[in-house]
Structure formats: C-alpha cells, structure tokens
Amino acid sequence: MRYVSTRGSAPVLDFEGATLAGLAADGGLYVPAAWPAMTRDGIAALAGLDYVETAVRVMAPFVAGSLTEDELRELCTAAYGRFAHKAVTPLVQLESDQWLLELFHGPTLAFKDVALQLVGLLFERFLTGATEPLTVIGATSGDTGSAAIDALAGRAGVDIFMLHPHGRVSDVQRRQMTTVLAPNVHNIAIEGDFDTAQALVKAMFRDPAFSARFKLSAVNSINWARLMAQVVYYFYAAVRLGAPERAVAFSVPTGNFGDVFAGYVAAKMGLPIERLVVATNVNDILHRALSSGDYSSGTVTPTATPSMDIQVSSNFERLLHDLSDRDGAAIAEQMAGFESTRAMRLTNAQSEGASALFRSIAVDEDGMAAAMARAHDGAGQVLDPHTAIGYAAAVALKGEAPTVTLATAHPAKFVDAVERAVGVRPALPPRVGDLFEREERYDVLPATFEAVTAYIAERAKPRVP
Ligand SMILES: *Cc1c(COP(=O)(O)O)cnc(C)c1O
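Criteria and thresholds
Residues numbered from 1 in each chain as written. Predicted model: local features only at pLDDT ≥ 70, side-chain atom pairs only at ≥ 80, totals over all residues. Heavy atoms only, no water. Helix = DSSP H or I, 4+ residues; strand = E, 2+ residues; numbered from the N terminus. Rg over C-alpha atoms; globule rule 2.2 N^0.38 Å. Buried < 20%, exposed > 50% of the residue type's maximum accessible area, 1.4 Å probe, protein only. Contact = heavy atoms within 4.5 Å. Pairing = 2+ DSSP bridges. Near = heavy atom within 4 Å. Polar contact = N/O pair within 3.5 Å; in protein donor to acceptor, adjacent residues only side chain to side chain. Areas by Shrake-Rupley, 256 points an atom, 1.4 Å probe, with all protein chains shown as cover. Nonpolar A, V, L, I, M, F, W, Y, C, P; charged D, E, K, R; others polar. Axes fitted to C-alpha atoms, helices over the stretch in contact; angles between N-to-C directions. Core = buried A, V, L, I, M, F, W, Y, C linked by side-chain atoms within 4.5 Å. Expected span 1.5 Å × (residues − 1).

Peer 1: How do you make sense of the overall build of the protein when you look at a structure like this?
Peer 2: The number of helices and strands found in the protein is 19 helices and 16 strands. In terms of overall dimensions, the protein is globule-like: its C-alpha atoms have a radius of gyration of 20 Å, near the 23 Å expected for 465 residues. Put simply, the protein has 465 residues, and 61% of those count as buried. Residue pairs at least 24 apart in sequence account for 76% of intrachain contacts in the protein once pairs closer than 6 positions are excluded.

See the structure below:
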C-alpha cells in the first residue's frame, strides 16, 4: 500500500515509511492512496473470528509490502495478548438497541492502548537494525501519553518526549505517564493547554534545523498506523451485531477526530454503517463544523472530559481531503488559511459529503451526568465521563440501526467525575493497583518553542552522533 499526504507535496511512502514519519513533510497527514475494499462475503467471513484474526483480515491490505500476514499476526498476537479481557474489546448491552464497546481493557485503561500497543511493536520491528535513533515527540490531553509511554518504554533505539498540559490531566492519567521511570521516557508538563502543547509539537516537526538534527516521529493520532488499528474494532463489533446483513450505528466521543475517522475508513471499506455520531463536549468545533460548516477555533474550556478538551481536531483534515476528491493542493490552501486565521468554512462538497454519514452533537456537563445516571440506573453500568458523552449522543441521535457507543476509558481513570455523577468510586483494576505509591518524574516548562526544543536537544540522541 502506498501512502500520500493530504497536502499533496510530501514524498509518497510505503506503510513502514508512513508509520515512522507520523506527520508528512508538507505539514499534511498520510492517508492510503486508495481505500481497500472488503466484500460482503469478506465481512460475513469475519463472523466468529477472534480479535487477532479479525485484525489481520482488516489490516492486511494496509500493511501490504511492509509486513507479511504472518508477521502482522505475530505482532497482533503480542499486542492484544496484553489485554485483560479475552474478547479484547467486548460488547456490553445497555438497552434493547444501545450497546457499549469496551475499549479500555489494555494496560493504561483507555482505548488508545488498542492502537498504541501495536504501534509500539511496529516501531520496534521497523527500527531493528536502523542506524539512526528515533525521537518520538507527542502532545497528550492525557490518554495518548500514557498509552504511548507504556508501548515504548525501554524499547531500544527510541526516546519519547511527551508534552501534557500542566494541571489539566487527571491524577491517574498523570501518574500513568510520570511513574514510568525508563530512561528513554521524558515527561514534560507544559504551562498551557493541550492545543498549545500540540502546536509546539507541530512547530518542532516543521522546524528544518530541529528535524535535520533529530529523526522525529509522532505517535499522536495523526500517525496513520494508529487509525488503521482502530478500524478493526468497528468491524469486530458490527459483525457481532449482524453485519453485513444489518447496518450498525456508532457513537464516538471525539476530540482529535481520530477514533471516529477510523469508523469512516471502515465505512469506506464497505462496512454497512448507518451513521457515525460525533459526540463532543462543550469544546464543539467539530459539531459546529459538521452542522454548519464553521470550523473555527476559540479557547478551550476545561471539562470533566479532558481527552476531548481541544479546539483543533488534527484528523479532520483527513476527512476534508477525502471529501474534496483528494485534491492535495486545495487542502494545502484551505489549511494554510485556517492556520493563519484559526477559522475556515467547509466547502459545499465537504459539508454534503460529511452529512451522508456523520451526525453530531455537543453534550454539556449536565447531559454527561444524566447519561452516566441512565447507564448506572438502567443497566448497572458505570461509565467514564467521555463514554457518557458518547452515550448521551447515541440516545439523542438514534436512528433505525442498533447503536454502539465506544467506551473509550475505564471509569476508574476519572474517579472524581464519576463519583459526582453517580455516587460510586470505581476501583482501579488490579493491573494498575499500586499507581499511587509509585515515584513520579517530570519537568514543568513554559509553553515556548525555545524552552521545549532546548530541553529535548539536551536529552535526545542526534541522527549523527
Ligand atoms: C483520546 C480520547 C478521546 C478522543 O479520541 P480522538 O481520537 O482524539 O477523537 C475520547 N475519550 C478518551 C477517553 C480518550 O482518551
């Protein structure tokens, strides 16, 4: 499979190249040159397969040329072997036509493990024998950081620098990052919000001197391999609920538009998806973009769902690109406009294309708490706040098909918000039990390019020693 940049002028890469590059050199994001098709029979044949086998069938076309099917199977077996549930991503019923897909059974209790456990192994595989050390730089609103650090800690040939917004991630989220003391793990608390941290990361990738000195890579959801791994569970869940005979809807608590874009990819491959519900919190840039074509970014309002507290959704560019006949030059122009004014309008083609599959809604704190109570009282299920936003949206925007809400985090990750809403304090699962006894290590830095690059330059290994 060949990968092209959404902005059309970066080199075309194979899967290995796109995985290691993260962001494309022209500032765009890598996407497959064409969507592989899964036939109705191919989808029907997924019935009864376990998660690993499903993953191999769904991902094989995307990795073709870089990994054999057996190599892919070996990596998936290792990655998903670390999950605490046999089904990896089990379905749980909430109401007659409302389901939860629990994506939080990995090592750091959020759905990002599903992708990053695999990506960590892909990095190791592709870097074996490489001469240049890799410097992974990322920004996290909480969950990406811990999942990426868990996946890369102690791996040879890689240093990881993770920027999180100081004081704006939960205690569990912070400790899951800062208690990993492997020497290749570097935690930076930025005095600013997530978007500021993300902008710093983007600026480093774009700085010619910095990226000449270090071989940079990204594990944010801009990394194609992450999205690819997330496509799998849409197939896995839909087949269990009757696909391809019956269409299924998904409701996805959304921040960077990565997880829900994976659903779009599944639909493009042929999975019958009735609708994709984009559920945001009050930081509603995506809801505004999808409902009125207004993609304009304001200031972030901190909420009980920090992993969705963002005003720029990096992966949205991938959708805009696909809905614009994959015209890289047009996207480069549209995104340059956005980057200078922090606002843009979707074209008619983009708005109409999106409305064929997506619905959207912004859910406030009351709506979130009401959804938590509904799941707790109605089905005895304790939801994390992010999942509750998805469930509220699933109920509000219900169509004909059964709806699967993606349960993106374990409720124990956000224990205070859960207690406020439903009066119970979910316990941390045994696999992370002693988190609050472990030593922490991180540095607080001002949100400036100079401060962060100086910090990284002191600690990272340059391309040429
Ligand atoms: C990252 C995250 C999200 C948002 O996912 P995106 O891919 O950024 O849209 C939602 N919920 C939780 C718990 C997360 O960690």
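Peer 1: Just to check I follow, could you spell out the sheet that holds strand 1 (residues 2–5) for this structure?
Peer 2: Across a sheet, paired strands are connected by hydrogen bonds in the backbone, their directions being either parallel or antiparallel. The strand order across the open sheet built from three strands is 2-1-3, with neighbouring strands paired in antiparallel fashion. Two strands bound the open sheet, and with one partner strand each, they are strand 2 (13–14) and strand 3 (30–32). Of the strand pairs in this sheet, strand 1 and strand 2 are connected by two bridges, and their pairing is antiparallel. Bridging from a neighbouring strand, Arg 2 pairs with Asp 14 of strand 2.

Peer 1: Even after reading the chapter, I still don't get the site of the ligand, so can you show me in this structure?
Peer 2: Surrounding the ligand, one finds 15 residues, the nearest of these being Lys 112, Asp 143, Gly 255, Asn 256 and Thr 408. Taking Phe 257, its main chain carries an N or O atom lying 3.2 Å from an oxygen atom of the ligand. One of the backbone N or O atoms of Gly 258 is found 3.3 Å from an oxygen atom in the ligand. Protein contacts shield 97% of the accessible area of the ligand, which totals 390 Å² for the unbound molecule. Each residue belonging to the shell around the ligand can be placed in one class, and the counts come to five nonpolar, seven polar and three charged.

Peer 1: Would you explain the sheet that holds strand 8 (residues 185–191) in this entry?
Peer 2: Ordered by their spatial adjacency, five strands build an open sheet running 9-6-7-8-16, and the pairing between neighbours is parallel. At either margin of the open sheet sits one strand with a lone partner, and together these are strand 9 (215–217) and strand 16 (443–446). Strand-to-strand twist of the sheet, defined as the mean angle between neighbouring strand axes without regard to direction, takes the value 30°. By the bridge criterion, six bridges tie strand 6 (residues 134–139) to strand 7 (residues 158–165) in an arrangement that is parallel. By the bridge assignment, Val 136 is partnered in strand 7 with Ile 160. Where helix 6 (residues 143–152) meets the sheet, it contacts strand 6, strand 7 and strand 8, and its direction lies at approximately 165° from that of strand 7.

Peer 1: What is the right way to look at the environment of Gly 337 in this model?
Peer 2: On the secondary structure map, Gly 337 appears in helix 14 (residues 328–341). Beyond its immediate stretch of four places on either side in the chain, Gly 337 contacts Arg 342 and Ala 343.

Peer 1: Would you mind showing me how to read the side chain of Asn 281 here?
Peer 2: One can find Asn 281 in the loop between strand 11 (273–280) and helix 12 (285–292). At 2.8 Å, the side chain of Asn 281 forms a polar contact with the backbone nitrogen of Asn 283.

Peer 1: Sorry, what's going on with the nonpolar core here?
Peer 2: In globular proteins that are soluble, nonpolar side chains generally tend to be buried together. The biggest cluster of nonpolar side chains holds 109 residues, and the ones touching the most others in it are Tyr 80, Leu 118, Tyr 234, Phe 235, Phe 250, Phe 316 and Phe 358. The dominant element in this core, judged by the number of residues it contributes, is helix 10 (residues 224–240), at 14 residues. Beyond its immediate sequence surroundings of up to four residues, Phe 235 is in contact with Met 38, Ile 43, Leu 46, Val 58, Ala 266, Met 269 and Leu 271. Judged by nonpolar contacts, the second largest core, of 25 residues, contains Leu 23, Leu 163, Leu 445 and Tyr 455.

Peer 1: Looking at this structure, I do not really get helix 8 (residues 194–206). What am I missing?
Peer 2: Every α-helix carries 3.6 residues per turn, so stepping three or four residues along brings you back to the same face. In this model, helix 8 (13 residues) spans 18 Å end to end at C-alpha, consistent with the 18 Å of a helix rising 1.5 Å per residue. Burial in helix 8 covers these residues: Phe 194, Asp 195, Ala 197, Gln 198, Leu 200, Val 201, Met 204 and Phe 205. The N-capping residue of helix 8, defined by a side-chain oxygen 3.3 Å from the backbone nitrogen of Asp 195, is Asp 193.

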